[in-house]
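Breakdown of the fold
If you want the building blocks of each chain, they are given just below.
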Amino acid sequence: QVQLVESGGGLVQAGGSLRLSCAASGLTFSRYAMGWFRQAPGKEREFVAGISWTVTVVSTYYEDFVKGRFTISRDNAKNTVYLQMNSLKPEDTAVYYCAARAKAPYSPRGGEYQYWGQGTQVTVSS
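Residues numbered from 1 in each chain as written. Predicted model: local features only at pLDDT ≥ 70, side-chain atom pairs only at ≥ 80, totals over all residues. Heavy atoms only, no water.

A word on the environment of Y113. If you trace the backbone, Y113 turns up in the loop between β9 (94–101) and β10 (115–116). The class for Y113 is buried, based on a relative accessible area of 5%. The sequence separation of Y113 and Y96 amounts to 17 residues, and the corresponding C-alpha distance is 15 Å. If we skip the residues at most four places from it in the chain, Y113 touches A33, M34, G35, F37, F47, A99, A100, R101, Y106 and S107. One polar contact links the side chain of Y113 to the main-chain carbonyl oxygen of S107, over a distance of 2.7 Å. (Helix = DSSP H or I, 4+ residues; strand = E, 2+ residues; numbered from the N terminus. Buried < 20%, exposed > 50% of the residue type's maximum accessible area, 1.4 Å probe, protein only. Contact = heavy atoms within 4.5 Å. Polar contact = N/O pair within 3.5 Å; in protein donor to acceptor, adjacent residues only side chain to side chain.)

Written as C-alpha cells, this is what we have:
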C-alpha cells in the first residue's frame, strides 16, 4: 500500500519560513517524479514545484509565484521529498499536498500523478 505523508505545516508570520516534508512508503521512491501542489479556500488546486531524478541529473521546476522563495529537494535514501518555503506571504496560505508520478519527469497536471498525500495546512499571517 502506497502512502505519502506530509508534515511541517503550521502558522507563520509573513516573511517567515517553513519546511514541508513528504515521506513515501510502499513504492520504489527513486523511480517516481514528485510534485508539490496547493489548494487555497475557494480556489482550484495549483502546481507549486516538481522534482525528477536520475542517477546523474536532478531536475526541478517552480511556478513563477514561488520561484526564488521555495526550494524542492529529495532524499532517495529516506524516501522523502521536501519543500523549503522562505519569505512566505499571506497568499501562500493553503493546504499543501505532495504527489508521486510513476512516469518521469514531473508534471504540472495533477491528473498525471498516481498517488497523493493527505495534505498539510500552511497559514501565513500578515
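Still to come is the rest of the account.
Here we come to the environment of A77. Its location among the elements puts A77 in the loop between β7 (70–75) and β8 (80–85). For A77, a relative accessible area of 75% gives the class exposed. With 48 residues separating them along the chain, A77 and F29 place their C-alpha atoms 8.9 Å apart.

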